[in-house]
Amino acid sequence: MSTPGPRRRPTIDDVAVEAGVSRGTVSRVLNGGHWVSPDSLSAVNAAIKKTGYRINPHARSLATSRANSVAFLLTEPHERLFEDPNFSLLMRGAAQALEQRDIPLVLLMAGTEAEQRRVTDFITAGHVDGVLLVSSHAGRQGFLSELVRSKVPAIACGIPLGYERKIGYVAADDQHGAQTAVEYLQDLGRTRIATITGPQDTSGGIGRLAGYRDQLGDAVDESLIAIGDYTRASGVRGMRELLERDPSIDAVFAGNDLMAAGALDVLAEAGRRVPEDVAVVGFDDSPVATQTNPQLTTMKQPFDRISSEMVRLLLEVIDGNPAAAMTLPTQMVRRGSA
């Protein structure tokens, strides 16, 4: 008995015959659906599903002069990828948004100057069609000028300091979110409100400190400001500094949930009850917010929407449209810490 040979892979011509349209119509559908009637678009999509046709990514890359992939570029040390849950949330959201368009996501790390050089060479060589830039520090942006000169499409998460008019971005409303957090603590009757800020070479760190200052106005006490770097360890250091400077602190606004968690650790060691003695509010509503004791009251960033909008704006730039910028609102989530 002879065994059947391998099944022939469906072609564009098979799809065209099944859909009752021309080969050119199928090709236009596969390349974005421009100048295709709704009826033809529906017929082609149904035929693709019925025939089991799959796009050959190598052939499409040759035909379109595109790599058919997008980079998720994180300008942080490698350990931060695993320590800070925000990065994994953003990466997962971006991957899901790109999956709907059959575009792979490539993770690139550029926390050191050497890594930035290698990443710049990789990106400008055309191995990806565009870049989702995450955690952009002003002091680590020398390589961005090369990307801009090379006209590589890019969209940043947060405002890319120094490149606001050259690179599009999607950002949370950091300043207003911080104002809301401090106002909430004031409404609770707290009068000695301290803050542990994010790094002051990032738009988030700058914006959240500005919101804290705006809400307190002339009542700002510089001794109640500690500078952190978004790590839990910096939250520990910052809270210890603040208690040493002023034991009468009755509230803390931390620039992210990890630092707020570190602050809670120190307050527990010092015998301070939360929220009875010291109320604590974080920022992000990351997974760590529900893992602390008590759970964190925090300002929620819409991570899913941030990542999906970054992908949408990046694909628009890749298609030749001007870069756009978007700021999304934050929302308070009340839990046990305040």
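Parameters and conventions
- Residues numbered from 1 in each chain as written.
- Predicted model: local features only at pLDDT ≥ 70, side-chain atom pairs only at ≥ 80, totals over all residues.
- Heavy atoms only, no water.
- Buried < 20%, exposed > 50% of the residue type's maximum accessible area, 1.4 Å probe, protein only.
- Helix = DSSP H or I, 4+ residues; strand = E, 2+ residues; numbered from the N terminus.
- Arc of directions from axis to C-beta.
- Contact = heavy atoms within 4.5 Å.
- Salt bridge = Lys/Arg side-chain N within 4 Å of Asp/Glu carboxyl O.
- Pairing = 2+ DSSP bridges.
- Axes fitted to C-alpha atoms, helices over the stretch in contact; angles between N-to-C directions.
- Domains from an automatic or database assignment.
- Phe/Tyr/Trp six-rings, centres within 6.5 Å; stacked < 30°, edge-to-face > 60°.
- Lys NZ or Arg CZ within 6 Å of the ring centre and 35° of its normal.
- 1 Å grid on protein atoms, 1.4 Å probe; cavity = no way out; pocket = protein on both sides within 12 Å on 5 of 7 lines; lining within 4 Å.
- Points joined across faces, edges and corners; volume = space filled by probe spheres on them.
- Nonpolar A, V, L, I, M, F, W, Y, C, P; charged D, E, K, R; others polar.
- Core = buried A, V, L, I, M, F, W, Y, C linked by side-chain atoms within 4.5 Å.

## Topic: helix 1 (residues 12-19)
Buried within helix 1 are the following residues: Ile 12, Val 15, Ala 16 and Ala 19. Axial view of helix 1: buried residues confined to an arc of 100°, hence all on one face. Residues of helix 1 that are buried sit in contact with helix 2 (23-30) and helix 3 (38-51). Gly 20 sits one or two positions beyond helix 1 and adopts a positive phi of about 75°.

## What to know about the pattern of salt bridges
Enumeration over the complete set of coordinates arrives at 18 salt bridges. Residue Arg 192 pairs with Asp 246 through a salt bridge whose shortest N-O separation is 2.4 Å. Of the two residues, Arg 192 is situated in the loop between helix 9 (174-187) and strand 6 (193-197) and Asp 246 in the loop between helix 11 (232-245) and strand 8 (251-254); the sequence distance between them amounts to 54 residues. Residue Arg 192 is classed as partly exposed on the basis of its relative accessible area, which comes to 25%.

## Considerations on the sheet that holds strand 10 (residues 297-300)
Strands pair in a sheet through their backbones, by hydrogen bonds, and they do so in one of two ways: parallel or antiparallel. Pairing within the open sheet is mixed, and its six strands lie in the order 7-6-8-9-10-12. The outermost strands of the open sheet, each flanked by one partner alone, are strand 7 (225-227) and strand 12 (331-333). Each strand axis lies, on average, 20° off the axis of its neighbour in the sheet, ignoring direction. The pairing of strand 6 with strand 8 spans four bridges and is parallel. Its bridge partner being in strand 8, Ile 196 is matched across the sheet by Ala 254. Against the sheet, helix 11 makes contact with strand 6, strand 7 and strand 8, and its axis sits at roughly 150° relative to strand 6, the strand it touches most.

## Remarks on the domain arrangement of the protein
Domain annotation for the protein reports domain 1 (12-55), domain 2 (70-173 + 303-330) and domain 3 (174-300). For domain 1 versus domain 3, the distance between C-alpha centres works out to 55 Å.

## Observations regarding the packing of aromatic side chains
Summed over the entire model, instances satisfying the criterion amount to one aromatic pair. Ring centres 6.4 Å apart and planes at 65° place the aromatic pair Phe 253 and Phe 283 in the edge-to-face group. Here the residue Phe 253 occupies a position in strand 8, and Phe 283 occupies one in strand 9 (residues 279-284), the gap between them amounting to 30 residues. When sorted by exposure, Phe 253 lands in the same class as Phe 283, which is buried. Above the plane of the ring of Phe 283 lies Arg 208, whose end atom (NZ or CZ) is 3.9 Å from the centre.

## A word on empty space enclosed by the protein
On inspection of all chains with the given rule, the structure shows one cavity of 30 Å³ or more. The computed volume of the largest cavity comes to approximately 390 Å³. For the lining of the largest cavity, the elements supplying multiple residues, two or more each, are helix 6 (85-99), strand 5 (168-172), helix 10 (203-216) and helix 13 (303-318). Its residues assigned to classes, the lining of the largest cavity shows eleven nonpolar, ten polar and six charged. Split by domain, the residues of the lining of the largest cavity number at least three in each of domain 2 (70-173 + 303-330) and domain 3 (174-300).

## Points about helix 2
Residues Thr 25, Val 26, Val 29 and Leu 30 constitute the buried set of helix 2. Mapping the buried residues of helix 2 onto a view down its axis gives an arc of 140°, with all of them on the same face.

## Focus: the nonpolar core
Side chains of a nonpolar character, in soluble globular proteins, are inclined to be buried together. Leu 185, Tyr 212, Met 239, Phe 253 and Val 280 are the most contacted members of the largest nonpolar core, which totals 41 residues. Of all the secondary structure elements, the ones that give two or more residues to this core are helix 9, strand 6, helix 10, strand 7, helix 11, strand 8, helix 12 (257-269) and strand 9. No other element matches the six residues that helix 12 contributes to this core. With residues up to four places along the chain from it excluded, the contact list for Tyr 212 reads Ala 178, Val 182, Ile 193, Ala 194, Thr 195, Leu 224 and Ile 225. Listed in part, the 27 residues of the second largest apolar core include Leu 81, Leu 89, Ile 306 and Leu 315.

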